[in-house]
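As a plain string of letters, each chain reads:
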Amino acid sequence: MSTLLARFRGFLPSATAAALQRQPLRFGSATAAAKLQELALEENCILVDESDRVLGNASKRDCHRVDPDGNIRLHRAFSVFLFNSRGEMLLQRRSTHKITFPDCYTNACCSHPLHDIEGEREELNALGIRRAAQRRLNYELGIPLSQVRPENFHFLTRIHYADRGDGVWGEHEIDYILFLQKDVDLKPNEGEVSEIRYIARNELDQQIASLEAPLTPWFRLILAHRLPLWWDNLHRLKKHVNLGEIERF
């Protein structure tokens, strides 16, 4: 097994891992990072309608390509907002190798539950979403699985948004918003994340204004409409939970 595959074993769906085993790559190389991003496009997302009812599945490639009419297939996603015990929020900068919104700043982790992983299709209490968040925090930020168990996440709401990105790759998602406050061990995956930092609530506006790259569209939307309120109530999140509707701004 290649060094790269050994490093990511347990993080990748079986089809992706098998493809890597057939085509071993040198860990840490730009070629390896780009290849992983390309392979990830073959993983299958969960297609939904505007009420978040499951319609089937399609590859990440098909879910993120902008068609000639400007449409993008609607699918499930999640966004994790991670805070340490001091109430500071983790901000990450996406790798330049990312296919959608590369080199942009965003919240701690943003990804998708996979249809390929049976446990991530579980809908009761958003358990599948929580499992996907655990997997991706482990993969992107190197957080041990034991430190981000599914029951640790606060599921706040769902947001429906779309963005055509560069006109070739974009997003159209029912985005599950998960909050987590915990001190964790971090070892970022350089193929996914180029920078991380914690920022304090009273420095939010200053820090955002000083960033040298744009924000992802979902983070920009949440920042404008909900994040300050949620952050100010980090220890009183239950009163801001909205599971009965899908929010649209």
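Presented here is a report on the structure given in the accompanying data block. Here the structure is a predicted model, which means the values were calculated and not measured.

**What to know about the overall build of the protein chain**
Now for step 1: Within the protein chain one finds 8 helices and 10 strands.
Now for step 2: Here the protein chain, with 249 residues, has 55% of them falling under the buried criterion.
Now for step 3: Within the protein chain, counting contacts between residues at least 6 apart in sequence, those at least 24 apart form 66% of the total.
Now for step 4: When the accessible surface of the protein chain is split by element, carbon and sulfur atoms take 46% of a total near 11,600 Å².

**Quick look at the pattern of salt bridges**
Pairing between side chains becomes possible if they bear opposite charge and their charged atoms approach one another.
Now for step 1: Inspection of the entire model under this criterion finds 20 salt bridges.
Now for step 2: For glutamate 42, the salt bridge is made with arginine 61, and the minimal N-O distance between the two is 2.7 Å. With a gap of 19 residues between them, glutamate 42 in the loop between helix 3 (30–40) and strand 1 (44–48) and arginine 61 in helix 4 (residues 60–64) connect regions that are remote in the sequence.
Now for step 3: A relative accessible area of 46% places glutamate 42 in the partly exposed class.
Now for step 4: Look at arginine 61 and you get partly exposed, because its relative accessible area is 24%.
Now for step 5: With its nearest N and O atoms 3.0 Å apart, the salt bridge here joins arginine 86 to glutamate 88.

**Quick word on the packing of aromatic side chains**
Now for step 1: Applying the stated rule across the entire model yields 8 aromatic pairs.
Now for step 2: With a centroid separation of 5.2 Å and 40° between ring planes, the pair formed by phenylalanine 83 and phenylalanine 179 is classed as tilted. In this pair, phenylalanine 83 sits in strand 3 (residues 75–83) while phenylalanine 179 sits in strand 8 (residues 171–181), placing the two residues 96 residues apart along the sequence.
Now for step 3: The class for phenylalanine 179 is buried, based on a relative accessible area of 1%.
Now for step 4: Considering the side-chain rings of phenylalanine 155 and tyrosine 176, the 5.2 Å spacing of their centres and the 25° angle between planes classify their relative orientation as stacked. Within this pair, whereas phenylalanine 155 is found in strand 7 (residues 154–163), its partner tyrosine 176 is found in strand 8, the two being separated by 21 residues in sequence.

**Concerning unusual backbone geometry**
Now for step 1: A positive phi angle is found at aspartate 52, which is not glycine, with a value near 70°.
Now for step 2: Along the chain, aspartate 52 turns up in the loop between strand 1 and strand 2 (54–59).
Now for step 3: If you check the backbone angles, asparagine 125 has positive phi at about 55° while not being a glycine.
Now for step 4: By the secondary structure assignment, asparagine 125 is in the loop between strand 6 (109–111) and helix 5 (127–141).
Now for step 5: Of the residues examined, asparagine 125 reaches a relative accessible area of 58% and is grouped as exposed.

Parameters and conventions
Residues numbered from 1 in each chain as written. Predicted model: local features only at pLDDT ≥ 70, side-chain atom pairs only at ≥ 80, totals over all residues. Heavy atoms only, no water. Helix = DSSP H or I, 4+ residues; strand = E, 2+ residues; numbered from the N terminus. Buried < 20%, exposed > 50% of the residue type's maximum accessible area, 1.4 Å probe, protein only. Contact = heavy atoms within 4.5 Å. Areas by Shrake-Rupley, 256 points an atom, 1.4 Å probe, with all protein chains shown as cover. Salt bridge = Lys/Arg side-chain N within 4 Å of Asp/Glu carboxyl O. Phe/Tyr/Trp six-rings, centres within 6.5 Å; stacked < 30°, edge-to-face > 60°.

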